[in-house]
Structures are given as C-alpha cells and as structure tokens.
Amino acid sequence: MNVIDGYNYGGSWSDSWYECPNGHPYFIGECGQAMQQARCIECNAVVGGGSHVLHHTNTQSDSVRRILDRS
C-alpha cells in the first residue's frame, strides 16, 4: 500500500498537498495554505511559506492529487 493511500481525511484534500523543490510531498492542515516555513524531513529544503503564500520553490503536488483521486 502506498503511504498516501492510508490517509482518509473524509473529503477532497488534494489541494492541501505540496512538494518541496526536490519532489518530496508534505501536507498542510487546517486551511491548507502556508502560514509558516519549515524544513523537508527528507532533504532539509524549505517547505511551507507565510501569510497564505507558498514559498516560491514549492509546488502543489499533482502526484498526490492523482493518487487521492483514484481512491
């Protein structure tokens, strides 16, 4: 089983998944928009952002959206 398949948030949460500049996925809870910066647990790149603005090196995760849409 893919680790992402194990999450069941009870709704369409595909818009809250993002990727660091190296393609590692991460999830932003609550409103689903960036309110703080952190470091990727895989590669230490900047993740998140601030004031509902995603850091310029991060992107929304299309790969996670495709996996969640299959469920």
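Residues numbered from 1 in each chain as written. Predicted model: local features only at pLDDT ≥ 70, side-chain atom pairs only at ≥ 80, totals over all residues. Heavy atoms only, no water.

**Focus on the overall build of the protein**
At step 1: What the protein contains, in helices and strands, is 1 helix and 6 strands.
At step 2: Ordering the α and β elements of the protein from the N terminus gives β-β-β-β-β-β-α.
At step 3: Out of the 71 residues belonging to the protein, those deemed buried represent 31%.
At step 4: Of all intrachain contacts in the protein linking residues separated by at least 6 positions in sequence, the fraction that spans at least 24 positions is 34%.
At step 5: For the protein, the accessible area works out to roughly 4,800 Å², and carbon and sulfur atoms hold 47% of it. (Helix = DSSP H or I, 4+ residues; strand = E, 2+ residues; numbered from the N terminus. Buried < 20%, exposed > 50% of the residue type's maximum accessible area, 1.4 Å probe, protein only. Contact = heavy atoms within 4.5 Å. Areas by Shrake-Rupley, 256 points an atom, 1.4 Å probe, with all protein chains shown as cover.)

**Description of the nonpolar core**
At step 1: Of all hydrophobic cores here, the largest spans 8 residues; its members are Tyr18, Cys20, Tyr26, Ile28, Ala34, Cys40, Ala45 and Val47.
At step 2: Contact partners of cysteine 40, with chain neighbours within four places excluded, come to Cys20, His24, Ala45 and Val47. (Core = buried A, V, L, I, M, F, W, Y, C linked by side-chain atoms within 4.5 Å.)

**Let's talk about the environment of alanine 34**
At step 1: Mapped onto the fold, alanine 34 is located in the loop between strand E2 (25-27) and strand E3 (37-39).
At step 2: Sequence separation of alanine 34 and valine 53 is 19 residues, and the distance between their C-alpha atoms is 5.8 Å.
At step 3: Ignoring anything within four residues of it in the chain, the contact list for alanine 34 reads Ile28, Gly48, Gly49, Gly50, Ser51, His52, Val53 and Leu54.

**What to know about the sheet that holds E2**
At step 1: Taken in spatial order, the 3 strands line up as E2-E1-E6 in an open sheet, and their pairing is antiparallel. Each having just a single partner strand, E2 and strand E6 (59-60) make up the two edges of the open sheet. (Pairing = 2+ DSSP bridges.)

**Quick notes on the sheet that holds E3**
At step 1: Across the sheet, 3 strands lie side by side as E3-E4-E5; this open sheet has antiparallel pairing. Every other strand in the sheet has two partners, leaving E3 and strand E5 (53-54) as the edge strands with one partner each.
At step 2: Pairing between E3 and strand E4 (residues 46-50): 3 bridges, direction antiparallel. By the bridge assignment for E4, glutamine 37 is matched with glycine 48.

Read these as spatial facts, not as claims about activity.
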